[in-house]
Amino acid sequence: MANSSRTFSDVRNVILSAHKNTGAQDKVGFYDTWAENYEQDVALLDYRAPLLAAECVSSFFRGDREKAAVLDVACGTGLVSAHRCLFGCHVAISDCCKKETYDIVIIVGALSVGQVPLTVIRELWDVTKPGGYVCMTTRGNTDNQEYKAELEQLIRALEEEQKWSRVTVVEVEEWEKAVSEQDSGYIPGAIYLYQKS
Ligand SMILES: C[S@@+](CC[C@H](N)C(=O)[O-])C[C@H]1O[C@@H](n2cnc3c(N)ncnc32)[C@H](O)[C@@H]1O
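Per an unreviewed UniProt entry, the recorded name for the protein is Williams-Beuren syndrome chromosomal region 27, and the organism is Labeo rohita.

See below:
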């Protein structure tokens, strides 16, 4: 059962401890262990990325919501899917990655340094149906600047290859509360929504 007496300082310590986990297995293991307290902990961080990303997709999606297939990549405890009412459609939590299968592919809170590598971006594109949407988020805090710049470069490269086109990019100043010593107050974040050609 989740521990209801946790504080911001507990959450900060948990997140900073994850910096020691360098490999993908370590990172996934870390999130598995954190799962029990994850949702109440990220509420203390004022982590709104799942809601902001869901709202963003929902406001641009023009397909049939009842029939649309959504893939929530790196879903964690399912906070993005918890906002499926915004999509009004079926959300798949799946490792099955068949080409051109999903109307919406969404990855929230997982594209950042030490987490999911950028090689995933072309895979996200691959499993999206032509005309479907890919929604990605990243953080803009100090230690993620290089990753963010590389992510944007890759997104642009796919745009230049005419594989997708930009629907919107939203820079959010107050993404979530800062936990590292290099940042203070709130850190920024960004949402990228692209439509496959
Ligand atoms: C901060 S959680 C985000 C979960 C959920 N999308 C949300 O917004 O609440 C990061 C997720 O990415 C996954 N993840 C991190 N690094 C990964 C990697 N290298 N390979 C696969 N999954 C990874 C974790 O297991 C976790 O589910």
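> I tried to follow the pattern of salt bridges on my own but got confused; where do I start?
Note on pairing: side chains with opposite charge can pair once their charged atoms come close. Throughout the structure, instances matching the rule amount to 7 salt bridges. With a closest N to O distance of 3.5 Å, Lys148 and Glu171 form a salt bridge. Of this pair, Lys148 sits in helix 6 (residues 145-160) while Glu171 sits in strand 5 (residues 164-177), placing them 23 residues apart in sequence. What makes Lys148 buried here is its relative accessible area of 11%.

> Before we go on, may I ask you to explain the packing of aromatic side chains in this structure?
Both the distance between ring centres and the angle between the ring planes are used here to describe each pair of aromatic rings. Applying the stated criterion to the full structure yields 7 aromatic pairs. Between Phe30 and Tyr31, the ring centres sit 5.0 Å apart and the planes meet at 70°, which makes this aromatic pair edge-to-face. Taken together, a centroid distance of 6.5 Å and an interplanar angle of 70° make the contact between Tyr31 and Tyr38 edge-to-face. An aromatic cluster is present here, built from Phe30, Tyr31, Trp34 and Tyr38 joined pairwise through their rings.

> In this structure, what is going on with the packing of helix 1 (residues 8-18) against helix 2 (residues 24-44)? I would like to understand it.
A pair of packed helices is captured by two measures, namely the crossing angle of their axes and the spacing between those axes. Contact geometry for helix 1 and helix 2: axes closest at 10 Å, N-to-C directions at 155°. In terms of their interaxial angle, helix 1 and helix 2 are classed as roughly antiparallel. Handedness of the crossing formed by helix 1 with helix 2: left-handed. Of the residues in helix 2, those touching helix 1 at Phe8, Val11, Val14, Ile15, Ser17 and Ala18 are Lys27, Phe30, Trp34, Asp41 and Leu44. By residue class, the composition of the contact of helix 1 with helix 2 is 8 nonpolar, 1 polar and 2 charged.

> Sorry, what's going on with the nonpolar core here?
Nonpolar side chains in soluble globular proteins tend to be buried together. If you look at the biggest cluster of nonpolar residues, it comprises 30 residues, and the most contacted ones within it are Trp34, Tyr47, Ile106, Val108 and Cys135. Residue assignment for this core shows that the elements contributing at least two residues are helix 1, helix 2, helix 3 (49-60), strand 3 (102-107), strand 4 (128-139), strand 5 and strand 6 (186-196). No other element matches helix 3, which puts 5 residues into this core. Ignoring anything within four residues of it in the chain, the contact list for Cys135 reads Ala53, Val57, Val105, Ile106, Ile107, Ile191, Tyr192 and Leu193. Judged by nonpolar contacts, the second largest core, of 24 residues, contains Leu71, Val105, Tyr192 and Tyr194.

Rules used in this analysis
- Residue numbers restart at each chain and count upward from 1, following the sequence in its written direction.
- Predicted model: local features are reported for residues with pLDDT of at least 70 only, side-chain atom pairs are reported and counted for 80 or more only, and whole-chain, interface and lining totals are derived from all residues.
- In computing side-chain properties, one takes all heavy atoms of the structure into account and sets aside hydrogens as well as water.
- Throughout this description, the term salt bridge denotes a Lys or Arg side-chain nitrogen within 4 Å of a carboxyl oxygen of Asp or Glu.
- Secondary structure elements are taken from DSSP: a helix is a run of H or I of four residues or more, a strand is a run of E of two residues or more, and numbering for both begins at the N terminus.
- Burial classification: accessible surface area is computed with a 1.4 Å probe over protein chains only, and a residue below 20% of its type maximum counts as buried, one above 50% as exposed, and the rest as partly exposed.
- The aromatic pairing rule takes the rings of Phe, Tyr and Trp, using the six-membered ring of Trp, and pairs them if the centres are within 6.5 Å, calling planes under 30 degrees apart stacked, those over 60 edge-to-face and the rest tilted.
- The axes used here are C-alpha line fits, helices contributing only the stretch in contact, and every angle between their N-to-C directions lies in the interval 0 to 180 degrees.
- Orientation is classified from the angle alone, with under 35 degrees giving roughly parallel, over 145 giving roughly antiparallel, 65 to 115 giving roughly perpendicular, and any other angle giving oblique.
- Should the near helix be turned anticlockwise from the far one by less than a right angle, the crossing is termed left-handed; should it be turned clockwise, right-handed.
- Residue contacts are counted whenever heavy atoms from the two residues lie within 4.5 Å of one another.
- Three residue categories are used. Nonpolar comprises Ala, Val, Leu, Ile, Met, Phe, Trp, Tyr, Cys and Pro, charged comprises Asp, Glu, Lys and Arg, and polar comprises the others, including Gly.
- Nine residue types can take part in a nonpolar core, namely buried Ala, Val, Leu, Ile, Met, Phe, Trp, Tyr and Cys, and a core is a set of them joined through side-chain atoms within 4.5 Å.

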